[in-house]
Amino acid sequence: MKIGIPRALYFYVYYPMWYGFFSSLGHDIKLSIPTNKEIINLGVSHSVDDICISVKVFHGHVKYLLDKKDVDLVFVPRIASEEKYKYTCPKLAALPDLMKSAFVSDAKRILTATFYTRQGEKPIFEAFEEIGRQLGDSDERIRAAVKTGIRYQKLAVKSLRSGHTFLDVVKNIRDLEALIKKPVQKQRYTVALAGFPYDVYDTYTNGDVISKLEDAGVGIVTTDMLDPKVYKHYSKYMIKDLFWYQANAAAKGGMYYIDSPDVDGVISISSFNCGISSIYQKLLDLYSKEVGKPVMHIIVDEQTGDAGLVTRIEAFIDLIRVKRGDGLVAQADNLHGTENGVHVRGI
Amino acid sequence: MSRKRITYTVPRMGYTYAAFESFFQILGYDVIIPEPTNNETIKEGVSNSPEYMCFPFKILLGQFERVLAKNPDRYFKMVSLESYGPCRFGYYSPLYYKILRDKGFTNFEVVNVEGIYPPLYKGIPRFFKKLIKLTGWHAPWTVVKAFVIAGWKVYALEQLEKKLYHLIPREKVSGSTEKIFNGAVERIRHAPNKVKAIKKILNEELEKMEKNPHVERDDLPKIGLVGEAYILMDYSNNLEIEKKLAYMGVDVDRSLRVTNWTLDRLIKAKSHKAHMLEVNKGYLDFFIGGDGQESIMNTILYKKAGYDGVIQAQPFGCLPETAAKEILTKVSEDYDIPVLSLAFDEQTGEAGFVTRLEAFVDMIKSRKQIKTDEAKIKAESVTVKD
Ligand code: SF4
Ligand code: SF4
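Keep in mind the model is a prediction, meaning the values are calculated, not measured.

Draft legend 1. Spotlight on the overall build of chain B. What chain B contains, in helices and strands, is 15 helices and 8 strands. In chain B, buried positions account for 55% of the 386 residues. Here the contacts in chain B between residues at least 6 apart in sequence split such that 74% fall between residues at least 24 apart. When the accessible surface of chain B is totalled, it reaches about 17400 Å², and 57% of it is carbon and sulfur. If the 57 positive side-chain charges of chain B are averaged to one point and the 50 negative ones to another, these points end up 7 Å apart.

And the structure:
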């Protein structure tokens, strides 16, 4: 069967697991194309107007796949919880229900099950068993497929921990072991991106911050590269843990990077109209005020990728350079200057 | 801690603030209730909150901030009622604390009251610790008494409110019931702390309202209100939507009240959840926190109870309510009941708001008219045949 996977939301966290599972069962996977204008327009016209941009974009990807005649089912998992006693945002918990309401006539083509990830392997098995049965696979094969899925996910986590971005993981999904061995080149400056993986990695909606920074010769690290153990102690500063795993990761990971001597600045990324990310933004603001490291906020919306963003990123890089005592980029550099062989302002 | 006088301040929840006030007075503390939501509180709150934070948070922050600023000579315990749920609600108090500290206020602490959440071996002791932090050390019977009296006052105020909205569209002299009602609220507020006394006042006042000249009728259009609790339960947050509808000649009912909300959340939580899942089957099959599931369930229940329309009142960008809103469009179609979603934020203006309400009420009235006409025609054609 041909399974469509929307390239949005939890795709940026669990794609390796899904890839491992479906492909080892012998199903074809059809990914939706990376977000573009068309996808956004599809999403905007099929969702209610005050919902966050990330979920709107998700609508677009689902619609894109539903419109493909050769895609049999579209996979919309309900990621209910990623940690014990922590749940996901209400919109994510209601995601399959939202899709069924938005695309009533195609409701039957939505493949779903409820996942409790990171709570041991048993719940993952249960969820996949439900899916496998809907696809008509035998229990034995399902079990083997889940194991493959989990192995892929573990490899992906390892790649992240060794400093590769999730985009690299997606690109190298067939050979993650090689990716893990590949060293990440250290740059003179490092900027940390804090935010939900789907905001950090959706290059169209966030105006492609990652390449903009890389083009400027800045290395990046992201909050999903961190092992949650390293930032556990920030609970104290936060008084009370947030209720969502990803928000905790963004908040605490962001604080960890604010404190980290290897990181020159932190950029927090969040969705327009997402109240959850406004909480960690505020926390990072207050914290950076205490520590004195630059923090910049990017709020992703339907038209982030405008000239204003470029200017803001340039200003942010200048700020970092000044902090390191390197001074501003000279005008001459701007035209043909290079640093580490990369165009400094080639944005 | 300073020697300033300890004073409590609590969120205002419609008219029931009078009950919370008594609660702390019985325990022997000073209480200052924030003023009703107005442009100034909203402005304060909005300018100091994260941009996309919940509107209720912004309102509450603004209210608390004004209380602190106006009484620098007191030391406040700010009571924040919250839950540890998938909603942002659970993180209000740390943010109040951080933001107000950042603004330079030191004369306060935040006491958050939350339900018991798992793991139970940690949750139950934590709950009691919080309770003691809330009330201080008192003889148990004083605390019990405070709860009982506050509970009765909440009940009495809600009964009066119900009566008021029932009578407004039926009264002979427009505005006359409201006058009696306002007097009644004051009487309950200052009632002696005895159950008997509260009951007596309640009965007297209900009778007084009942005697106010009016015409009983049951052909008014009926509208049910669903949505987010704080917007729904505090009249100053929802621009008095209930009163406005009542004056437009509508029989209005609000699905969430302090009494049923507390009962459903704390005491009957399990059966309440099961009931919701059953009613919402096929529309929303999962627990999403906030009041989103309730909004969907109550819309369906209102339809089944013969209501003509439903209004969903929500703070702009509220997580569970926007999810509910998308699902409600389907419910509305399947069940053939008009649903109007109103999002409240700092830009909600009185004028535009009234226009939308009026348009909706007109639509409901004409739908009702068409239906009765159809029924009449049917009945007539039946008689002709005979
Ligand atoms: S967490 Fe924020 S961005 Fe993600 S789905 Fe919820 S509201 Fe949208
Ligand atoms: S229910 Fe809505 S307003 Fe209330 S805390 Fe949740 S998101 Fe905020």
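Draft legend 2. Just the environment of Phe125 of chain A, in detail. Here Phe125 of chain A shows up in helix H6 (residues 122-135). For the pair Phe125 of chain A and Asp262 of chain A, spaced 137 residues apart in sequence, the C-alpha to C-alpha distance is 39 Å.

Draft legend 3. View of the site of ligand 1. Contacts to ligand 1 come from Cys52, Ser54, Val55, Cys89, Lys91, Leu92, Phe196, Tyr198, Ser271, Cys274 and Ile276 of chain A together with Leu319 of chain B. Those elements giving two or more residues to the shell around ligand 1 turn out to be helix H3 (53-67) and helix H4 (90-93) of chain A. By residue class, the composition of the shell around ligand 1 is 9 nonpolar, 2 polar and 1 charged.

Draft legend 4. Seen up close, the environment of Leu284 of chain A. All names here are of chain A. Within the secondary structure, Leu284 sits in helix H14 (residues 275-291). In this structure the C-alpha to C-alpha distance between Leu284 and Leu328, which are 44 residues apart in sequence, comes to 26 Å. Leu284 has contacts with Ala194, Ala250, Ala251, Gly254, Met255, Ile258, Ser268 and Val295, leaving out every residue within four places of it along the chain.

Draft legend 5. Fine view of helix H4 (residues 92-102) of chain B. Among the 11 residues of H4 of chain B, 8 are classified as buried, and the element is accordingly described as predominantly covered. Turning to H4 of chain B, its buried residues number three or more, namely Tyr92, Ser93, Pro94, Leu95, Tyr96, Lys98, Ile99 and Leu100 of chain B. Packing partners of the buried residues in H4 of chain B comprise helix H12 (235-238) and H14 of chain A together with helix H2 (39-48), helix H3 (55-70), strand E3 (74-81) and strand E4 (108-113) of chain B. Gly104 of chain B lies just past H4 of chain B and shows a positive phi near 100°.

Draft legend 6. View of unusual backbone geometry. The backbone phi angle of Leu9 of chain A is positive, close to 45°, even though this residue is not glycine. Position of Leu9 of chain A among the secondary structure elements: in the loop between strand E1 (2-5) and helix H1 (11-24). On the basis of relative accessible area, Leu9 of chain A is assigned to the buried category, the value being 2%. Positive phi is not limited to glycine here, since Asp336 of chain B has a value of about 55°. Here Asp336 of chain B lies in the loop between helix H14 (319-335) and strand E8 (339-344). Overall, the relative accessible area of 39% leaves Asp336 of chain B in the partly exposed class.

Draft legend 7. Summary view of the site of ligand 2. Close to ligand 2 lie Cys54, Pro56, Cys87, Arg88, Phe89, Tyr92, Glu228, Pro315, Cys318, Leu319 and Pro320 of chain B, which account for all nearby residues. Residues belonging to the shell around ligand 2 are distributed by class as follows: 9 nonpolar, no polar and 2 charged.

Draft legend 8. Local environment of the nonpolar core. Of all hydrophobic cores here, the largest spans 227 residues; its most connected members are Trp18, Phe22, Ile131, Leu213 and Ile267 of chain A together with Leu245 and Ile311 of chain B. It is helix H6 (residues 140-167) of chain B that provides the largest number of residues to this core, a total of 11 residues. Ranked by size, the runner-up nonpolar core spans 5 residues in total, among them Val226, Tyr302, Val310 and Ile337 of chain B.

Draft legend 9. Expanded view of the pairing of strand E9 (residues 265-271) of chain A. Residues and elements named next belong to chain A. Of all 7 residues that make up E9, 7 are buried, and the element is covered over most of its length. With burial as the criterion, each face of E9 is covered, one bearing Gly265, Ile267, Ile269 and Ser271 and the other bearing Val266, Ser268 and Ser270. By the bridge criterion, 5 bridges tie strand E7 (residues 189-195) to E9 in an arrangement that is parallel. Note on E9: the bridge partner recorded for Val191 is Gly265. Considered for its hand, the β-α-β crossover made up of E9, H14 and strand E10 (residues 295-300) is right-handed.

Draft legend 10. Molecular detail of the side chain of Thr299 of chain B. Residue and element names in this part refer to chain B. On the secondary structure map, Thr299 appears in helix H13 (residues 292-304). Taking the relative accessible area as the measure of exposure, Thr299 reaches 0% and is therefore buried. Polar side-chain contacts of Thr299 include one of 2.7 Å to the backbone oxygen of Ser295. For Thr299, the residues in contact, after removing those within four places along its chain, are Val226, Val310, Leu328, Val331, Ile337 and Val339.

Draft legend 11. Inspection of the interface of chain A and chain B at higher detail. Listed by partner, the interface residues are 46 residues for chain A and 41 residues for chain B. Contact with chain B buries surface across chain A, with Asp50, Pro90 and Lys240 of chain A losing the most and accounting together for 18% of the total. Along the contact surface separating chain A from chain B lie 3 salt bridges. Lys325 of chain B is the partner of Asp49 of chain A in a salt bridge, and the nearest nitrogen-oxygen pair spans 3.5 Å. In this structure, the connection of chain A to chain B is made through 7 residue pairs in polar contact (both at pLDDT 80 or more).

Draft legend 12. Spotlight on the packing of aromatic side chains. The full count for this structure, using the stated rule, is 38 aromatic pairs over all chains. Where Tyr10 of chain A meets Tyr198 of chain A, the ring centres are 6.4 Å apart and the plane angle is 70°; that geometry is what we call edge-to-face. Of this pair, Tyr10 of chain A sits in the loop between E1 and H1 while Tyr198 of chain A sits in helix H10 (residues 197-201), placing them 188 residues apart in sequence. Between Phe57 of chain B and Tyr92 of chain B, the aromatic rings sit 5.2 Å apart at their centres with planes inclined by 70°, giving edge-to-face as the arrangement. Residue Phe57 of chain B is located in helix H3, and its partner Tyr92 of chain B is located in helix H4; the two are separated by 35 residues in the primary sequence. Given the relative accessible area of 4%, Tyr92 of chain B is considered buried. Taken together through their ring pairs, the aromatic side chains of Phe11, Tyr12, Tyr15, Tyr19, Tyr152, Phe166 and Tyr201 of chain A make up a single cluster. If you follow Lys273 of chain B out to its NZ or CZ, it ends over the ring of Phe287 of chain B, 4.8 Å from the centre.

Each value, and the rule that gives it
- Residues numbered from 1 in each chain as written.
- Chains lettered and ligands numbered in written order.
- Predicted model: local features only at pLDDT ≥ 70, side-chain atom pairs only at ≥ 80, totals over all residues.
- Heavy atoms only, no water.
- Helix = DSSP H or I, 4+ residues; strand = E, 2+ residues; numbered from the N terminus.
- Buried < 20%, exposed > 50% of the residue type's maximum accessible area, 1.4 Å probe, protein only.
- Contact = heavy atoms within 4.5 Å.
- Areas by Shrake-Rupley, 256 points an atom, 1.4 Å probe, with all protein chains shown as cover.
- Lys, Arg positive; Asp, Glu negative; His and termini not counted.
- Charge placed at Lys NZ, Arg CZ, Asp CG, Glu CD.
- Near = heavy atom within 4 Å.
- Nonpolar A, V, L, I, M, F, W, Y, C, P; charged D, E, K, R; others polar.
- Core = buried A, V, L, I, M, F, W, Y, C linked by side-chain atoms within 4.5 Å.
- Pairing = 2+ DSSP bridges.
- Right-handed = clockwise from strand over helix to strand, strands pointing away.
- Polar contact = N/O pair within 3.5 Å; in protein donor to acceptor, adjacent residues only side chain to side chain.
- Buried area = accessible area lost by both parts, 1.4 Å probe.
- Salt bridge = Lys/Arg side-chain N within 4 Å of Asp/Glu carboxyl O.
- Phe/Tyr/Trp six-rings, centres within 6.5 Å; stacked < 30°, edge-to-face > 60°.
- Lys NZ or Arg CZ within 6 Å of the ring centre and 35° of its normal.

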